[in-house]
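Survey of secondary and tertiary structure
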Amino acid sequence: MAALVRGVFTTRLARTGKNSFLQHSGFGLRRSQQRLFSKGFLGLQARVRPLPLLIATGGGYVGYNQYGHYKDRQLEKLGIEVQPRIANGFQVTIYKSIPTRLLSRAWGRLNQVDLPTWLRKPIFRLYIWTFGVNMKEAAIEDLQHYRNLGEFFRRKLKPQVRPVCDSHCVISPADGKILHFGRVKNCEVEQVKGVTYSLETFLGPHNWTENLPANRSLDEDDPGTYQDALVTKEGNELFHCVVYLAPGDYHCFHSPTDWRVAHRRHFPGSLMSVNPGVARWIKELFCHNERVVLSGEWTHGFFSLTAVGATNVGSIRIYFDKELRTNNPRYNKGSFNDFKYASNNSQEGVSMRKGEHLGEFNLGSTIVLLFEAPRDFTFNLKAGQKIHFGEPLGTM
């Protein structure tokens, strides 16, 4: 008998469906109970929304990463060397998918909006307090003089607060923090300790060397590496130095030595943050980001200065180059465009004197110097130290 009832129950459920069964079956729920059940099920669906779930998951992941960085800092304080946490390809792809170029263009337009006179002091004072800006060094200390954020970011300094060292051949081109420095080895350059990038990827093909003196003679059967091709004189080696400009720093940069700029190469790219924490996390960060490579020669051979863009730094300006347009939508990431300063009008290119104004960032970013020098060149620096424009980098 029980088997017969079970069979009828199952057959009726299959024929009439769940709703019909709930309405007509003697074992079903009342109509009011059915409505309550349906509302509860729909409420559960409404509560599980993709955006809050994504935010919660992302927040948890960021928190987990920050906890890992906190533990690393504690170990470093104890004198224990910690290997850098390198982002995998998926993490880099996700980061690069953020529309930082569009956001930086929007930030640039916002920076050019003139502020009411009564609002300038409160906004600039908040910025000064947040980033530790020393306004006593500014050529104009009156905050109401700066009409917008852009003018304030690009404020000039009093000449006497940044004397240019005359006794050393290479000086710091900007105020900032020394991320890394030293000799270039195996065509790899360190952006921070333990995290490298490819010299060739960073500078691109060296077909621009046609504007420079002929390289030292190389064996035709073994032309050497990319690094060897940049060194033009026997007994020289290739050196590098990375200077990070924080948002509170002076945003202009200057010529680090007496040299001749023969070529400009512009790499449109991403605009990821270049603060030291991200530089330790993303390998080849400087190769992903937009950058402007100025290359030429100085008294010891090859010399280059690269201005690397970053988030909210969509504008890199070179004062003598009116053709340069950075963070422009018409340029695609992954490409580059060249411009020769050595032309019929200027056979020698653009001559720069040590300490001369060279360019500016819209907020704060990074300067990378790559140059050849005699083997006895020695940096007088420490990684992580603060440095000012005009101070010496090294001696020979």
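Before going into details, it helps to say that this report is about the structure given with it. Source: prediction; values computed, not measured.

With that settled, the discussion passes to the nonpolar core. Counting residues in each nonpolar core, the largest one holds 32 residues, and the members touching the most others are Phe253, Trp259, Leu294, Ile367, Phe371, Phe379 and Leu393. Core analysis: the next-biggest nonpolar cluster, separate from the first, contains 31 residues, Val189, Phe202, Leu230 and Phe286 among them.

What follows deals with unusual backbone geometry. At Asn186, a residue that is not glycine, the phi angle is positive and equals roughly 55 degrees. Looking at the element boundaries, Asn186 is found in the loop between strand S1 (176-183) and strand S2 (188-192). Owing to a relative accessible area of 71%, Asn186 belongs among the exposed residues under this scheme. Look at Cys187: it is not a glycine, yet its phi comes out positive at around 60 degrees.

Taken as a whole and assessed by the stated rule, the structure comprises 21 aromatic pairs. On the numbers, 5.2 Å between centres and 50 degrees between planes, the contact of Tyr127 with Phe153 is tilted. Of the two residues, Tyr127 is situated in helix H6 (residues 117-131) and Phe153 in helix H7 (residues 149-153); the sequence distance between them amounts to 26 residues. Residue Tyr127 is classed as buried on the basis of its relative accessible area of 9%. Their ring planes at 50 degrees and their centres at 5.0 Å tell us that Trp259 and Phe303 sit as a pair that is tilted. Of this pair, Trp259 sits in strand S6 (residues 259-267) while Phe303 sits in strand S8 (residues 301-308), placing them 44 residues apart in sequence. An aromatic cluster of three or more residues is present, and its members are Phe181, Phe239, Trp259, Trp298, Phe303, Phe371, Phe377 and Phe379. A cation sits over an aromatic face here: Arg291 above Phe267, 3.9 Å from the ring centre.

Turning our eyes to something else, we now look at the environment of Gly359. Of note, Gly359 is situated in strand S12 (residues 357-361). Taking the relative accessible area as the measure of exposure, Gly359 reaches 0% and is therefore buried. Taking C-alpha positions, Gly359 is 5.4 Å from Phe253, a pair spaced 106 residues apart along the chain. Once residues lying within four places of it in the same chain are set aside, the contact partners of Gly359 are Cys252, Phe253, Arg317, Ile318 and Tyr319.

Topologically, Gly269 is positioned in the loop between S6 and helix H10 (276-281). Using a relative accessible area of 3% as the deciding quantity, one classes Gly269 as buried. Residues Gly269 and Gly309 lie 40 residues apart in sequence; the distance between their C-alpha atoms is 8.8 Å.

Cut-offs applied
Residues numbered from 1 in each chain as written. Predicted model: local features only at pLDDT ≥ 70, side-chain atom pairs only at ≥ 80, totals over all residues. Heavy atoms only, no water. Core = buried A, V, L, I, M, F, W, Y, C linked by side-chain atoms within 4.5 Å. Buried < 20%, exposed > 50% of the residue type's maximum accessible area, 1.4 Å probe, protein only. Helix = DSSP H or I, 4+ residues; strand = E, 2+ residues; numbered from the N terminus. Phe/Tyr/Trp six-rings, centres within 6.5 Å; stacked < 30°, edge-to-face > 60°. Lys NZ or Arg CZ within 6 Å of the ring centre and 35° of its normal. Contact = heavy atoms within 4.5 Å.

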